[in-house]
Amino acid sequence: MTTSDATSGDDALDIAVTETDVVPVALGDRAYDIQIGAGLLDFAGDDIAAVLARPRTLIVTDENVAKLHLDTLAGSLSMADIAFDTVVLPPGEATKSFDHLRQLCGRMLDAGLERHDAVIAFGGGVIGDITGFAAAIVRRGMRFIQIPTTLLAQVDSSVGGKTGINTAHGKNLIGAFHQPALVLADTEVLDTLPERELKAGYAEVLKYALLGDAAFFHWLRAHGPALLAGDGDARRHAIAVSCRMKAAIVAADERESGRRALLNLGHTFGHALEAALGYDGTLLHGEAVAIGMAQAFRFSERLGLCPTGAAAEVAAHLRAVGLPTGLKELHNRLPSAEQLTAIMHQDKKAEGGKLVFVLARGIGEAFISHDVAEADVAAFLQEELARP
Ligand code: NAD
Ligand code: GLY
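Scoring rules and cut-offs
- Residues numbered from 1 in each chain as written.
- Chains lettered and ligands numbered in written order.
- Predicted model: local features only at pLDDT ≥ 70, side-chain atom pairs only at ≥ 80, totals over all residues.
- Heavy atoms only, no water.
- Helix = DSSP H or I, 4+ residues; strand = E, 2+ residues; numbered from the N terminus.
- Rg over C-alpha atoms; globule rule 2.2 N^0.38 Å.
- Buried < 20%, exposed > 50% of the residue type's maximum accessible area, 1.4 Å probe, protein only.
- Contact = heavy atoms within 4.5 Å.
- Areas by Shrake-Rupley, 256 points an atom, 1.4 Å probe, with all protein chains shown as cover.
- Lys, Arg positive; Asp, Glu negative; His and termini not counted.
- Charge placed at Lys NZ, Arg CZ, Asp CG, Glu CD.
- Phe/Tyr/Trp six-rings, centres within 6.5 Å; stacked < 30°, edge-to-face > 60°.
- Lys NZ or Arg CZ within 6 Å of the ring centre and 35° of its normal.
- Near = heavy atom within 4 Å.
- Polar contact = N/O pair within 3.5 Å; in protein donor to acceptor, adjacent residues only side chain to side chain.
- Nonpolar A, V, L, I, M, F, W, Y, C, P; charged D, E, K, R; others polar.
- Pairing = 2+ DSSP bridges.
- Right-handed = clockwise from strand over helix to strand, strands pointing away.
- Core = buried A, V, L, I, M, F, W, Y, C linked by side-chain atoms within 4.5 Å.

## As for the overall build of the chain
In step 1: Looking only at helices and strands, one finds 13 helices and 12 strands in the chain.
In step 2: Taken over the C-alpha trace, the chain has a radius of gyration of 21 Å; the compact-globule value for 388 residues is 21 Å, and the two agree within 12%.
In step 3: In terms of overall dimensions, the chain has a C-alpha envelope of 70 × 45 × 40 Å along the principal axes.
In step 4: Counting the 388 residues in the chain, one finds 56% classified as buried.
In step 5: Counting only contacts in the chain whose residues sit at least 6 apart along the sequence, the fraction spanning at least 24 positions is 73%.
In step 6: Working note: accessible area of the chain is about 16,100 Å², and carbon and sulfur atoms make up 51% of it.
In step 7: Side chains of the chain give 34 positive and 50 negative charges; the mean places of these two sets differ by 7 Å.

See the structure below:
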């Protein structure tokens, strides 16, 4: 699809034509499209108007995104004659709390939104998760639109309908499956994202390649650095490939009774690290996933499941783009191998007391394993903690 922004008349000098990829998520009566392209925010009003029951909405965003991009979204809603209120939440993981959820639900009701109205989640995964959850419960389920503004949110959290908040018991333990009505991923908003956040999002892009698409891994090796440096076409292509894979997996297994768990490649190890560090920001989620994916491949090799060399290839690419691959810098901050294994057991991915791992038979060939011996995990982690 091509979207063009052209003014008619003699002074039509400023013509911008941008390519937009459209990825459908085939979920029957809850199907929706993911649009991916540069500058989509400028045209968002028309696309949003098409899914609204009436020209009225509420934008939920965070302070950082509001400062940088709210005017553009607000302008395009106004151009489409859509009335809106705005809720600006503090940035950061702590916003995914009961307190902020209560406030947000109150603001949605104050704004007079009805069941068939839709709210807009405009931000990273934090804003998407809490707004989606509020939409799932206010008036027993309202519609919502995702306008993800981080790379992680564009390739992962805005797609597939997982929504929720954190509690003292852990991350994302209270939530709902609630699909958005539309996802608009503007690759240009990534220009303002801090480099560290961009790289953390790249880990989730790489996840798709490693779990199911070896050709995409080769493409990322060639084009990943350009994508990170700001190449718009490389970004659009990588986001579209990632979303296509996620859309196919979600369409086949919306509620994660099987295949969707493949999306947790690197997460069993990664979450244990984040939890062991008390989610203190030492590691961004994507950085923990990067280490976790490197470990999943090393572990697969150690178990004889994956040919020798694949883990080194994965780690080499992670290092080439500036992502971590091991526990080196964290050594004196991590607990013992036994304690890390115990943390894994508390994870919501443990089933019936057994640890669930996503392992690999090679690059692009991940599978879900329910029968890894505890002793093998502990021995592997021991080895990882001792790696120079
Ligand atoms: P985030 O939402 O905290 O955003 C990261 C930082 O970037 C924030 O400070 C934010 O204000 C800032 N930011 C966002 N967009 C920006 C932009 N364009 N320019 C400048 N700054 C910008 O973090 P995230 O990495 O997007 O998301 C992490 C969250 O996503 C976690 O809570 C995680 O649990 C959740 N998540 C959910 C799913 C899902 O399927 N629902 C999947 C993966 C992760
Ligand atoms: N981020 C994993 C999933 O959506 O299932």
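Here the narrative resumes.
## Observations concerning the packing of aromatic side chains
In step 1: Taken as a whole, this structure holds 6 aromatic pairs when the rule is applied.
In step 2: Both rings, one in Phe 269 and one in Phe 357, keep their centres 5.3 Å apart while their planes meet at 45°; by these two values the pair is tilted. Of this pair, Phe 269 sits in helix H9 (residues 267-276) while Phe 357 sits in strand E11 (residues 357-360), placing them 88 residues apart in sequence. Across the pair, exposure class does not vary: Phe 269 and Phe 357 are buried alike.
In step 3: Taken together, a centroid distance of 5.5 Å and an interplanar angle of 55° make the contact between Phe 269 and Phe 380 tilted. With a gap of 111 residues between them, Phe 269 in helix H9 and Phe 380 in helix H13 (residues 374-386) connect regions that are remote in the sequence.
In step 4: Note on Phe 269: relative accessible area 3%, which makes it buried.
In step 5: When the ring centre of Tyr 208 is taken as origin, the NZ or CZ atom of Lys 207, which lies over that ring, is 5.3 Å away.
In step 6: Just above the ring of Phe 367 sits the side chain of Arg 361; from NZ or CZ to the centre is 3.9 Å.

## A short note on the site of ligand 2
In step 1: Surveying the vicinity of ligand 2 reveals the residues Asp 156, Lys 162, Lys 246, Glu 256, Arg 260 and Leu 263.
In step 2: Between Lys 162 and ligand 2, the recorded distance is 2.9 Å, taken from a side-chain N or O atom to an oxygen atom.
In step 3: Within the complex, 88% of the 200 Å² of free accessible area of ligand 2 lies under protein.
In step 4: In the shell around ligand 2, the residues fall into 1 nonpolar, no polar and 5 charged.

## Things to note about the site of ligand 1
In step 1: In the vicinity of ligand 1 there are 26 residues, among which Asp 62, Lys 96, Thr 149, Thr 150 and Thr 192 approach most closely.
In step 2: For ligand 1, an oxygen atom lies 2.8 Å from a polar atom in the side chain of Glu 93.
In step 3: Within the backbone of Gly 125, one N or O atom sits 2.8 Å away from an oxygen atom of ligand 1.
In step 4: Protein coverage of the free-state accessible area of ligand 1, which is 860 Å², stands at 89%.
In step 5: At the level of elements, helix H2 (63-79), helix H4 (125-137), helix H5 (151-157) and strand E9 (170-177) are the ones that each hand at least two residues to the shell around ligand 1.
In step 6: In the shell around ligand 1, the residues fall into 8 nonpolar, 9 polar and 9 charged.

## A word on the pairing of strand E5 (residues 83-89)
In step 1: Bridge count for strand E4 (residues 56-62) against E5 is 7 bridges, and the pairing is parallel. Bridge pairing in E5 places Leu 58 opposite Asp 85.
In step 2: Regarding topology, H2 serves as the crossover connection from E4 to the parallel E5, and that connection is right-handed.

## Looking at the environment of Arg 115
In step 1: Its place among the elements puts Arg 115 in the loop between helix H3 (98-110) and strand E6 (118-123).
In step 2: Leaving out residues up to four positions away in the same chain, Arg 115 has contacts with Arg 139, Arg 140, Gly 141, Met 142 and Arg 143.
In step 3: Separated by 3.1 Å, the side chain of Arg 115 and the backbone oxygen of Arg 139 make a polar contact.
In step 4: Here Gly 141 takes part through its backbone oxygen, which lies 3.3 Å from a polar atom of the side chain of Arg 115.

## Considerations on the nonpolar core
In step 1: Core analysis: the biggest nonpolar cluster contains 82 residues, and Ile 34, Leu 151, Tyr 202, Leu 210, Phe 216, Leu 220 and Phe 297 have the highest contact counts within it.
In step 2: With 10 residues, helix H8 (residues 232-252) is the single largest residue contributor to this core.
In step 3: When neighbours within four sequence positions are excluded, Ile 34 is seen to be in contact with Asp 21, Val 22, Val 23, Val 25, Val 159, Val 183 and Cys 243.
In step 4: Counting residues in each nonpolar core, the second largest holds 22 residues, with Val 87, Leu 101, Cys 105 and Val 138 among its members.

The analysis is restricted to geometry; functional conclusions fall outside its scope.
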